[in-house]
Structure formats: C-alpha cells, structure tokens
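A structural walkthrough
Next come the chains, spelled out residue by residue.
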Amino acid sequence: MTHEPFNTESYRVWDTAADSEIVVPLPPAGDEAVFLALPLVASRKSMLFVAACVRDAQGAAIHQTDIVVEWSGPETLHLLIPEQARRAAHTLALKAGDYTFAGTTLQIGRPVWLAQKPPIAVNAGESLLDIFTSGGYYDAAMWQRESLSGGAGVSSELKRGWNYAILKLNVPLGEPGGAAAYARAYDHDIGDCQALIVCASVVQSLRFGVSAEIDGSLVPLIVGRQGAGTEEMRVPIAGRRLTRIVVHAEAEAPGDYLAHLYWFMLERKGAEPGQANEVTGMPDIPAPERLPSGLPKLTAGLLFGEEELARLRQSIADGAGRRFYEEIVAEAEANADYRPESYVGTYFPVYWANQGVERASSPNEETRKWFSTLVYNGLVYLLSGDLKHGLLARRALLAAISCREWCGGFICRIPRGITGYRATFIESHVTQAVALAYDFVGSLLSDEEMRTVEDAVYEKSLPALDMYLRRNREGYLLNSNQGAVYGMGIVYACLVAGRSHPDVRPILERQSAWLRRMLGNYFKPDGTTGEGMMYWEYTTHYAVESLLLLSRHHGAAVAELAPSHLKESMSYVQHMRSLDGGALSFLPLGDCRAERFRFMGPSLLFFARYYADPAAHWMWSNYYDVPHLPGSSFFGAEESTGQYTSNGLLTLLLHEEREAAAPELPDFRRFDCDRIFWRTGSAESDILVFFEGGKQTFEHTHFDKGHFAIQAFGDYVAADPGMLHYDKPEHVQYVRSTYHNIATIRGANQSYRDAEHAVVLRECEDGEDVQYLLADLANSYKELERYDRTLLFVRPHYVVVLDELAAAGGGMEWNFHSRGAFRAAGPGCFVAEGAKAGLALRYACDVPLRERLDGYRDDERNVTHKLELCPDPAATAMNIAAIIAPYPLAGSQPSIGVTCEPVTGGAAFTVSGPWGSDRVIVRLGQRQPVWQGEPTAGRVTVVRDGADGGIGSWKRSFG
C-alpha cells in the first residue's frame, strides 16, 4: 500500500482559527495495517497542538494521540494505531488546541493504512528506517525474540526505554554465559542503498551484532562487536529487498547486560559518509562597511543597563573586577583564530553526552569556542571597544543564525508531528549566547542584520522552546531542572524577538509567570529540592540568570521576583556538601556523581549578594576564588554543550568583596522532606550519616527510599554509587534499589504501595551521645508486609542498623555498599578499606544468611563494592542487625573492636574503643532480648561502660 503524492487539489482545507474541529473518514484497515499515513500541508510552523482521536462507527473514542504542527509545507505523518483501535476505526477527529503562533491552516489528504512506515528522508543521502526515541514511533511488540541460549536461568527482553529501546540480557550466577536475538520484519526496497547505519549504546562487557535478511538470505552485518557506549556503526549492504533485521546480544559471564537501540538509517548510493553531519560551512563574514566610533552601547540591556555598564567599566579599570576582566580578555584572545563559519550547517554541532541525539560525526570539538566567542569576545568589545573582539563576536553571531536548526541533530526534528526527543536544551543554550552577543555587539550590526538576528530567534528558538514548555508545564517540568533551563531560554528569546515581533509579548508574560511558579515549586520551603545536587547546580545557575533578566524586564528587585523561600536553599547545599576536602563535591544521591562541582560559583555569589548569605560567600571563596585559565569551566562547560556559558560574565556582575567565614553546621538537621543529617562536624576528619526519608518524587531520583550513607574521614564507608554518565547504558542500572543500602525482593526495584508516604518516620531523636530514628519503609514495597528500619549513631564512633522485614512471598536480600573492597574477617564480620578510610561491619540475624560479594565498575574504576546477605529464598521474615564502625587509614586514632554473641531473643554486640566498652543488645524477632538475666526494653539497648573507672557510663533503650 502507498499513499498519494502531494496533489493538494484533492485535499480538504481546515482553517483551525475558524473551525476548532474536523472529522476525516477512514478507510477500512486491512489485517496487516499498523500505521495510518496522514498527508498534511501546514501553512506555518505554528506549534499548534492537534488532538487526534480515532472513533468507531458509533462515534465512540477508541484511541487518542497528539500531533504538533512543527513544520510548514507538506508532510506525511505515520500514526501508530493499536490493533484494537485499527479494527474498529471509522473516522479520525482532529481538534485544534493551544499554539505558539496563531492562524494555522491545514490541508488534509486522504488517510491510508500501511503495514510498514516507509523510510523517511533525513538529508540528501540518508533515510530513517526505524527510530526508537518515542513510543509514537514503534511498539516493542514489533520485535520478537528469535533465540535465547544459555542455562535455564538466562533471560532477556526488549522493551521501551526513555529515549531508546532497551535490549536486556540477564545471566544468573553459576551460568557461564548466554545470548539472545530479537528480530523485526520489514518490507523495503533497498536497491538504491549502499549502507545500513545502526546507532546503539552497548555496555563494554556485552558483544553486539546485527544481521539483515536481504533477498531471502540472512546476511551478518555486525558480528560480536564489543560494546563501547554510544556508536554509529556503518556497514555496507547490497541487494533489492530488506525483509528482516535481527539484533544479537552475547555475554560470557554472569550479570545484567544492556544495549540501547536509538535508530537505523539507510544510506543511499552515492552519498558521502563524511557529510552525514550536514556541516557545509560558509565564506568568512566580512567586516561591516562602516565602523562605529566611541565606546559601544548595549543593544537591549538584557542582563544589565548602561548605568551598570559604566560601573563595570570602572570596576575593571581599577576595582575588584579587574582580575576577572583580565581572565576574560585572555579567554577572548584564545579564540582569536576561531572560524565559526566553518561549522555552519543544518544543525548546531554540539556534543550532548553522546546520548544518540547528536551525530557521532558532528565536528563538535571546537564548538565550545563558538559559545565563548559569542559571549566573551562580545563582552570584551562592549567593555573596552576593542574592535577585533567585536568583529569576531559579530562573525560568530551571524554564523550562528545561518545554521538552519538550533538543535543537535535530526533526532530532535525528525520524524515531525509526533514528537519524540524534543528536549530543547541546545535551543536554550544557543539562544542565550546569541542574545548576549546581540546585546553586546549590536553597534556593529546594520538594521537589516539586527532584524535577521531577531527573526532567527523568532523562528529557530522561540517556537521549539514554547512548544516544549506548554507540552510539559503541568508535568515534570515543575519539579525538574529543565524548567529553569528552558525558561531562561524563552525569556531571552522573547526579549530579543519581541523587538520586531509584537506577537511575542503575550508569550513572554505567560512564560515569565510560569517560570516564577516553577522556581517556587522546585525549591521547597525548607530549601530542599527533589533532584540530586548535580541538578541543583544546573537549575540554580539558570534560575539566577532568569531572575536577573526578569528583574530588568519588570523593573522589580530580584527579591520581589524570587520565591520568598529561595534563600533557604543554601542551608540545604551546606548540609549536602561532601566532607572530602580536596574539592567541592556533594553526596552522590539520585542522578548525581561523586565528582568535583565546577559551575556553582555564580549561584553562590547570587546568594551572597542578594541574601547576604555568609556561608555562600565562604564556599565561593574556598572553592572558586582561584585563577581561571582560558578554556576552563569559568567560561562554561569544557564539553561543547553551551552549558554554563555565562559563568564568567555572571561572576563579574555578582561578585562583591567581603569577609568569608566557615559556617557552623548543627550536628543534627531534619529537613521537611525527612532527609536527615547527623554529623560530628564539617571537616574531612569528621563523620556524616545521611538518611533518605520522605516521599518518592521520581524526578532524577532513584529507587532508594530509606537508604543511608556514611562518609567518614574523607571516604564513603557506607556508599551510594550515585550515577554514571548518561552515554553509558549502565546508567539505567544505577537507579535500581539493589544499588543502594536497602533491602530488595529478588533484586526488584521498590514498587511503592504509597509513593507519597514512601518512608514514614515514626521516631527521631537528637541526643548528645546517641542520635536515633525509627522509620517504616513498607510503603515503598508492594511485596513487603513489614519493613522497619532503626538507625542509631552512637556518637562519634559507630552506627547501629536494625532491619525487621516480613514478606509473604520470600525472596528477601539485604544490600550494603562501600567504597572499599570487602574481605571476610570472621563469621558475620567484614572489613572494607577504601582510599582514606575503612570500616568494620559485624552483623547478626535470626535466620541463616548466604553471603555474596559483588561490585560496580565504571571502565577501570571501582565505583562501589557490595555485600549482599540473603536468607533462604522461601523465608518470609528476616531480622538483621549490623554494627558499622569506620576508622581512618592515616594517623594514629585508636581502632574500634566489635564482637557479637547470641542472646535469647536477639544478639549482644560489644563495641570497644577509646571511650571504653559498649554493649549493644538488639532484638531479633518478637521476643525481648534477655541480657545478664534481665529482659531489655525496646528494639535496641546501648549500655556504655565508661573508661577511667566508669566515668561517663549510661544505659538507654530505643524503639
């Protein structure tokens, strides 16, 4: 079956402004029909939302999807319709909804049912055979498992993921390996094709392959290729008819293995593979015929006005800003030989974490200089009038607007209409840099060039940003870093485009109001955020810049526009700070990595300036008041993404000289979200105990409610693996419960009987000698009837953990992770030593346990080591207690000894150290423990026999 060419004489015309709805009759769907081909001609790229509803003969709605008019001219959409709806489909009702630009007219051709979605042209040499970035493009059921080999326990599946299809292979312990293959039927003429290109991301430990059935013969194309993250794999093909593609996965050892499938491309004969990046270049942009005299003026006054500009010029001449300005000049000088014209093409050539969004062949190595040239060469020209920097920034600006699209590649635009990956990070970053350059070098632009810049922002940035925000504003964006990033981009876009396009003004007011609402929602009243600190860094940077923009636009003070509780966030930041004194880092919770934070400087200066926060200024002085070399993170991310491009600019704007004093943090802090911090101090030599309580939010969080972590003497003795870079398919594993210090049921993630009350804190006490909490984790598991977790920090030396679980179906596991490798040190006792600290762990349980050691690696680096303790799979209850005693690997601090003996109803641990000797009696089961002939009270009793004749002795019971 084929659809008719675009002969618009037979098309129905739908003026969406005059009629909000139109009904299109559908032909009967054949048995093999899957896609509904709908030819449409759009009068403009208006980003109109159209609700498409399939109805049966009685007019009842049987399937609903959305179309977005993100194109102008002719386009054929291929709507994936479920089988039940196909069988009864009678009409297609189209209803016009919200839009960015008004006045869309659609011409609608005759709908046709297709068994296959035809290849979709991406450029002059390539057509998209299949894409897995949206559920609207494919159904995992189209792929059938063709083979599975290995022992009885080997399993596999192919399912939908976030931005890809996930091929998963599991080889259980005891099996030597396994393999799986999945196939999909196609029916395409490939006589004009010379190669197949497969974009996939495969873990290093998996071997990946692809075969194609061409003209009735199965041809191996990729055989046993070792995984290497995200790759485009190009293989020659020849023949007439493609009827099947098979993907293979093979592993040679136990483990969980992943491959992410992004897309398949057909390359036509005569195409040059080196041109797939669609970079064409352009001649060098000549200088303007007339050059202005005198110091430049601002074009639009986006971040600051002429009065502030005069103060900046004075500051860099003989004031506090001089040292930053000298570094900015050095950065601009380092860009002197950059030729932005050579990278102009269809898309902006960026690196976006190698997530299959950008092309692997994209020449992105120098793109960072493009962003830097726009902002910092433009800024040097504005501040000094140095013409060579202004002319280079002007070239970068006019080259940027010559790119057809401001996204990273075809995957952000094609297929059109049914949106797949449309996250508008790149549009926002390019808009920011273009807007700042426009503001700084406008005196070097003609009136026609200024209008061309404004039109480019209006056409290439604003619609995509506005569409994405409107599509998601009531969804996760209110709780996600992305809201601030896109919000900043659209404010810049409106402020620039609005100078010649008055229809932008309502969009600016609507999105400005939404942005302020988002900030008030993202930063909670107590200062916490749902996402990890890596995203606090990202969100806050763009929140700060957005507030400065809105302050100028509204003529209002920043404090009037910011959420009133924003100032509380710095307390949360201080508590989340890692005790590793070598660099600024934070606890690796959720989607956060245990690495140096490079881009937080302007955010800290913002809190210091607008909220007079001394802790923020201390943190900036301690970690960011350093020399900044050209190409460093002071001028934006070293990768070519456009992230944090305004770092140096905002530092120059926000910095004030003042004294810096280290903050005094309390030894106990319970935030409203029930994240709890116990600490002995804030230095590397101290101990920090963290507990993850509260509700599950699902925004860049992990399945880890009730998890705890311990940082001691500069190392994570009870660790959270954090997150890998997103270009590694293993990163989807790191969200799993089994990667955290909590119990699991047969390795499954927490399933959340009640995510709003995932952890219920029953008791929480802050004592001078013991800090204690009792938490109910049962709402985090549908499989568990009971999960009570007791934590005690017997200050300052050790932690007691007691977990009481009941699961009717059995399958319980107790997971514990450390930076150091575990080694057995006797029955029920393990030692693990990392780089700076070690721990002694001794446990007791009321049922026999099987011990298993495991760990997680990132390339050649051990992320964490794991101790897993499991009862018999049929056991329906488990009560397990552990003493975790950290110690430094350097210095002469006395060691701590831990022993354990069973007692009636539980276990008695003896913990000895420089303070004397403690007895910790723990209840394991329903009966109260009996110690020294007397029953103890509560779940845990701590008895301290003080040193020096009993001085400091005490006894306390908890729970």
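Residues numbered from 1 in each chain as written. Predicted model: local features only at pLDDT ≥ 70, side-chain atom pairs only at ≥ 80, totals over all residues. Heavy atoms only, no water.

Quick look at the overall build of the chain now. If you tally the helices and strands in the chain, you get 17 helices and 45 strands. Against the 2.2 N^0.38 benchmark of 30 Å for 959 residues, the chain shows a C-alpha radius of gyration of 31 Å, consistent with a compact globule. The dimensions of the chain, computed from C-alpha atoms along their principal axes, are 95 × 75 × 50 Å. The burial tally for the chain puts 61% of its 959 residues in the buried class. Considering only residue pairs separated by 6 or more positions, the chain has 72% of its internal contacts joining residues 24 or more positions apart. Approximately 34700 Å² of the chain is accessible, and the part contributed by carbon and sulfur atoms is 49%. Computed over 89 positive and 118 negative side-chain charges, the inter-centroid distance for the chain is 2 Å. (Helix = DSSP H or I, 4+ residues; strand = E, 2+ residues; numbered from the N terminus. Rg over C-alpha atoms; globule rule 2.2 N^0.38 Å. Buried < 20%, exposed > 50% of the residue type's maximum accessible area, 1.4 Å probe, protein only. Contact = heavy atoms within 4.5 Å. Areas by Shrake-Rupley, 256 points an atom, 1.4 Å probe, with all protein chains shown as cover. Lys, Arg positive; Asp, Glu negative; His and termini not counted. Charge placed at Lys NZ, Arg CZ, Asp CG, Glu CD.)

With 246 residues, the main nonpolar core has Leu196 and Trp370 as its most contacted residues. Not counting residues up to four positions away in its chain, the partners in contact with Leu196 are Leu129, Val210, Leu221, Met233, Arg234, Val235, Ile237, Ile245, Phe264, Met265 and Leu266. Grouped together as the second largest cluster of nonpolar side chains are 45 residues, Ile710, Phe713, Leu849 and Leu867 included. (Core = buried A, V, L, I, M, F, W, Y, C linked by side-chain atoms within 4.5 Å.)

Mapped onto the fold, Glu833 is located in strand 34 (residues 829–833). Counting along the chain gives 10 residues from Glu833 to Arg823, while the straight-line C-alpha distance between them is 9.1 Å. Excluding residues that lie within four positions of it along the chain, Glu833 makes contacts with Gly820, Ala821, Arg823, Gly838, Tyr887 and Leu889. A polar contact is formed between the side chain of Glu833 and the side chain of Tyr887, at a distance of 2.7 Å. (Polar contact = N/O pair within 3.5 Å; in protein donor to acceptor, adjacent residues only side chain to side chain.)

So, about the packing of aromatic side chains. Considering all chains together, one arrives at 48 aromatic pairs under this definition. An aromatic cluster is present here, built from Trp352, Phe425, Tyr468, Tyr486, Tyr538, Tyr542, Phe599 and Tyr644 joined pairwise through their rings. Here the basic side chain of Arg470 rests over the ring of Phe49, its NZ or CZ set 4.6 Å away from the ring centre. Over the ring of Trp954 we find Arg956; its NZ or CZ atom is 4.7 Å from the centre of that ring. (Phe/Tyr/Trp six-rings, centres within 6.5 Å; stacked < 30°, edge-to-face > 60°. Lys NZ or Arg CZ within 6 Å of the ring centre and 35° of its normal.)

Burial within strand 29 (residues 770–776) is extensive, with seven of its seven residues counted as buried. Neither face of strand 29 is open: one carries Val770, Tyr772, Leu774 and Asp776, the other Gln771, Leu773 and Ala775, and all of them are buried. Examined bridge by bridge, strand 28 (residues 760–766) and strand 29 share six bridges and lie antiparallel to one another. Within strand 29, the residue paired with Val760 across the bridge is Asp776. The turn joining strand 28 and strand 29, which pair antiparallel and follow one another in sequence, is formed by three residues. (Pairing = 2+ DSSP bridges.)

Each strand in a sheet pairs with another by means of backbone hydrogen bonds, the pair being arranged parallel or else antiparallel. Overall, antiparallel pairing links the four strands, which are arranged 27-32-37-36 in an open sheet. Of all strands in the sheet, those bounded by a partner on one side alone are strand 27 (743–745) and strand 36 (850–858). Along the sheet, successive strands turn relative to each other by an average axial angle of 30°, direction set aside. Across five bridges, strand 32 (residues 812–818) lies against strand 37 (residues 861–870) in antiparallel orientation. Residue pairing for strand 37: Phe816 is matched across the bridge by Leu867. (Axes fitted to C-alpha atoms, helices over the stretch in contact; angles between N-to-C directions.)

What follows concerns the pattern of salt bridges. For the structure shown, the criterion picks out 58 salt bridges. One salt bridge in this structure joins Arg675 and Glu692, with 2.7 Å as the shortest N-O distance. Of this pair, Arg675 sits in strand 23 (residues 675–679) while Glu692 is found in strand 24 (residues 687–692), placing the two residues 17 residues apart along the sequence. Arg675 sits in the buried class, given a relative accessible area of 7%. Its salt-bridge partner being Glu868, residue Lys866 comes within 3.1 Å of it at the nearest N-O pair. Judged by its relative accessible area of 2%, Lys866 is buried. We classify Glu868 as buried; its relative accessible area is 8%. Within this structure, Asp98, Asp466, Arg470, Arg473 and Arg510 form a network of salt bridges that share partners. (Salt bridge = Lys/Arg side-chain N within 4 Å of Asp/Glu carboxyl O.)

Moving on to the packing of helix 5 (residues 387–400) against helix 6 (residues 425–441). Two elements in contact, helix 5 and helix 6, have axes separated by 10 Å at closest approach and are oriented at 140°. With respect to helix 6, the element helix 5 is oriented oblique. Handedness of the crossing formed by helix 5 with helix 6: left-handed. Counted together, Gly390, Ala393, Arg394, Leu397 and Ala400 of helix 5 and Val434, Ala437, Tyr438 and Val441 of helix 6 form the full contact between these two elements. In terms of residue class, the contact of helix 5 with helix 6 is built from seven nonpolar, one polar and one charged. (Parallel < 35°, antiparallel > 145°, perpendicular 65-115°, else oblique. Left-handed = near helix turned anticlockwise from the far one by under 90°. Nonpolar A, V, L, I, M, F, W, Y, C, P; charged D, E, K, R; others polar.)

This brings us to helix 7 (residues 447–460). The end-to-end C-alpha separation of helix 7 is 20 Å, in line with the 20 Å expected for 14 residues at 1.5 Å each. Listing the buried residues of helix 7 in full gives Met450, Val453, Glu454, Asp455, Ala456, Val457, Tyr458 and Lys460. If you follow the buried residues of helix 7, they end up packed against helix 5, helix 6, helix 8 (462–472) and helix 9 (481–497). (Expected span 1.5 Å × (residues − 1).)

Our next topic: the environment of Ile418. Structurally, Ile418 can be placed in the loop between helix 5 and helix 6. We classify Ile418 as buried; its relative accessible area is 10%. Ignoring any residue separated from it by four or fewer positions in sequence, one finds Ile418 in contact with Asp66, Glu70, His78, Leu79, Gly136 and Tyr137.

By the secondary structure assignment, Ser551 is in helix 11 (residues 533–554). A relative accessible area of 16% places Ser551 in the buried class.

What follows deals with the sheet that holds strand 39 (residues 897–903). Strand order in the open sheet formed by five strands is 39-40-41-44-45, and the pairing between neighbours is antiparallel. Each edge of the open sheet is held by one strand with a lone partner, namely strand 39 and strand 45 (954–958). On average, each strand axis in the sheet is tilted by 15° relative to the strand beside it, whichever way the strands run. In this structure, strand 44 (residues 940–946) lies alongside strand 45, joined through five bridges in antiparallel fashion.

As defined by bridge partners, strand 17 (residues 207–214) adjoins strand 18 (residues 217–226) across seven bridges and the pair is classed as antiparallel. Within the sheet, the bridge partner assigned to Ser211 lies in strand 18 and is Pro220. In textbook terms, the turn of a hairpin is the stretch between consecutive antiparallel strands, and for strand 17 and strand 18 this stretch comprises two residues, one of which, Asp215, has a positive phi near 55°.

Once that is clear, we can look at the side chain of His817. Within the secondary structure layout, His817 lies in strand 32. Of note is the side chain of His817, whose polar atom sits 3.2 Å from the backbone oxygen of Thr738. Discounting chain neighbours no more than four positions away, the residues touching His817 are Val717, Ala718, Ala719, Thr738, Tyr739, His740, Asn741, Phe822, Tyr856, Thr864, His865 and Lys866.

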